[in-house]
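Examining the three-dimensional arrangement
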Amino acid sequence: MVTGELKSQVDKIWETFWTGGISNPLTVIEQFTFLLFLRRLDENQLLAERKANMLSTPIKSPLYTPEQERFRWHSFVNKDPETMFDLFTKPQVDADNLTVFEHMKQLGEQNNKQAGVFAHYMKGATFMIPTPKLLDQVVQMIAKIQMEDRDTKGDLYEYLLSKIATAGTNGQFRTPRHIIKMMVEMMQPTQEDTICDPACGTAGFLVAAGEYVHEHHPDWFHDASFAAHYNKDMFTGIEFDATMLRIAAMNLQLHGIDHPQLIARDALSEANADSRDQFSLILANPPFKGSLDYDGVESSLLTTVKTKKTELLFLGLILRMLKVGGRCAVIVPDGVLFGSSNAHVQIRKTIIANHKLEAVISMPSGVFKPYAGVSTAVLVFTKTNHGGTDNVWFYDMQADGYSLDDKRSPIKEDDTKDIIARYQNRQNETNRSRTEQSFLVPLSEIEQNNWDLSINRYKQVVYEQVQHDSPAEIIAEIERLDAERAQALAVLKGLLA
């Protein structure tokens, strides 16, 4: 959990970037991330050096050669601002003409395992801190942050990501972390799961899934084969935005997932055509209302659902990427639930009739504020290829623990825990009436309604009967009031006579 002191330190660094001339939040996070990574590289080599000294053996694949000692965090952090800035910006002739930044990028090209997953996504990265003063200020502040344990590192980065204020462009909305956590708790990742987010952004779903495993099943890590699976194969993220990919890599690495599969490509494109029947759990909030290169969309997706709407294409993609028996929890705009176009009906029918739709959770429109006021829902389904939908569980979420205006202030009302508990005990929902917050709807009824999944289609609204006086009684009341008025007027005239 982010403490007040840690939050204050991050806030000061953020403010220093802004006053130093870097105002784009993504650029701030990216440059902040580079410096965090440099500190981590030095810490890794210090650890390797201590082990080597104890065993009297040389370090395998060192991150820094003796000539590159000046590029190490503990070395340049004590330099004066001008010297430090020169190390970042001027090639050092006696150190292979590298700078601190270029050396960091080179580690990714060399595929040095000690550098971690972040190093692989440095292609195209640019050092953008403009002055020695700003670099020195930020480096000194980062040096004071205590980052000994995994939780602190992860929490620090999560707090940093919460400051993204430019989200919303190109259909990217930062999914609220408590909604992500709710979806992960509903799906309960298993020891064997291979988890994918095909539009991973900052990797919030993958990080939350990893935290779920740490919180609920710490004993799993006693098994070496699971630990290897957790660090290498369990988590896959696909993202075409290079900046987001770097942020995702650092987010995962700081949360203790050292070597996730992060794939730099457009998930809807032909380049991703080979991703089939691969994952057992997909968690996603794919982009909608974003731009789409229709001509580049992979052909089999258009066979599943012929449309230009990214939210529908991603549902087709998820069905293709899941293994048979694989599960999915995905956020969709509510238009997906009731849209009447051929594509809308086609994808709903496919999920309901050909696979097993488990649940539809209708969320209030303020969940994504202040980024957007769009109404959304969570669809939960299992890929079966032979149907299986019987009763679909609907939940009408009214509150998520925060006000639904732009301020998103904490409030007492919160349905998320009730959703998790009821979803995991859906067999007890059979007696709930359509007037309650959750209920089951049989497949036949959904089919009769043209596969409509809007909760308002099935929910019963109870109207309160209001009693009104009869017209005669109302007229009599008016006559009584009129007589009183006439009498009062006559008294007033008498007083003035």
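This text goes with the structure placed above it.
Residues numbered from 1 in each chain as written. Predicted model: local features only at pLDDT ≥ 70, side-chain atom pairs only at ≥ 80, totals over all residues. Heavy atoms only, no water.

1. Focus: helix α16 (residues 416-423)
For α16, the complete set of buried residues consists of Thr416, Ile419, Ile420 and Tyr423. Seen from one end, α16 has its buried residues packed into an arc of 95°, which puts them on one side. Contacts from the buried residues of α16 go to α8 (177-187), β7 (356-363), β8 (376-382), β9 (391-396), β10 (400-402) and β11 (410-414). (Buried < 20%, exposed > 50% of the residue type's maximum accessible area, 1.4 Å probe, protein only. Helix = DSSP H or I, 4+ residues; strand = E, 2+ residues; numbered from the N terminus. Arc of directions from axis to C-beta. Contact = heavy atoms within 4.5 Å.)

2. Topic: the packing of aromatic side chains
In total, this model carries 15 aromatic pairs according to the counting rule given. Look at phenylalanine 394 and phenylalanine 439: their rings are 6.1 Å apart centre to centre, the planes differ by 15°, and that puts the pair in the stacked class. One end of the pair, phenylalanine 394, is in strand β9; the other, phenylalanine 439, is in strand β12 (residues 438-442), and 45 residues separate them in sequence. Residue phenylalanine 394 is classed as buried on the basis of its relative accessible area of 0%. On the basis of relative accessibility, which here comes to 0%, the residue phenylalanine 439 falls in the buried class. For the pair phenylalanine 394 and tyrosine 458, a centre-to-centre distance of 5.4 Å together with 50° between the ring planes defines the contact as tilted. Of the two residues, phenylalanine 394 sits in strand β9 while tyrosine 458 sits in helix α18 (residues 455-458), which places them 64 residues apart along the sequence. (Phe/Tyr/Trp six-rings, centres within 6.5 Å; stacked < 30°, edge-to-face > 60°.)

3. A closer look at the pairing of β12
β12 sits mainly inside the fold: four of its five residues count as buried. Both β9 and β12 contribute to a ladder of five bridges, which runs antiparallel. Each bridged residue has a counterpart across the sheet, and for phenylalanine 394 the counterpart in β12 is phenylalanine 439. (Pairing = 2+ DSSP bridges.)

4. Looking at the pattern of salt bridges
Evaluation of the coordinates by the stated rule reveals 27 salt bridges. With its nearest N and O atoms 2.5 Å apart, the salt bridge here joins arginine 480 to glutamate 477. You can see arginine 480 and its partner glutamate 477 sitting in helix α19 (residues 471-496), three residues apart, about one turn around the helix. Take glutamate 477: its relative accessible area is 37%, and that puts it in the partly exposed class. Arginine 480 is paired through a salt bridge with glutamate 484; the nearest N and O atoms lie 2.6 Å apart. Here glutamate 484 and arginine 480 lie together in helix α19, a separation of four residues that amounts to about one turn. (Salt bridge = Lys/Arg side-chain N within 4 Å of Asp/Glu carboxyl O.)

5. Brief notes about the sheet that holds strand β5 (residues 279-284)
Pairing in this open sheet of nine strands is mixed, and the strands run β4-β3-β2-β5-β6-β8-β7-β9-β12 from one edge to the other. One side of each edge strand has no neighbouring strand; the edge strands of this open sheet are β4 (261-264) and β12. The average undirected angle you get between the axes of adjacent strands in this sheet is 15°. Note that strand β6 (residues 322-333) and β8 share seven bridges and pair antiparallel. Looking at β8, one finds that arginine 327 is bridged to threonine 382. (Axes fitted to C-alpha atoms, helices over the stretch in contact; angles between N-to-C directions.)

6. A closer look at the nonpolar core
Counting 52 residues, the largest nonpolar core has Phe17, Leu35, Leu38, Phe76, Phe88, Leu135 and Tyr157 as the members making the most contacts within it. By residue number, the principal contributor to this core is helix α2 (residues 25-55), which donates nine residues. Residues Tyr121, Met186, Tyr212 and Ile257 belong to the second largest nonpolar core, which totals 47 residues. (Core = buried A, V, L, I, M, F, W, Y, C linked by side-chain atoms within 4.5 Å.)

7. Here's the deal with the pairing of β6
The buried fraction of β6 is high, at nine of twelve residues. The sheet contact formed by β5 and β6 spans five bridges and is parallel. Of the residues in β6, the one forming a bridge with phenylalanine 279 is leucine 322.

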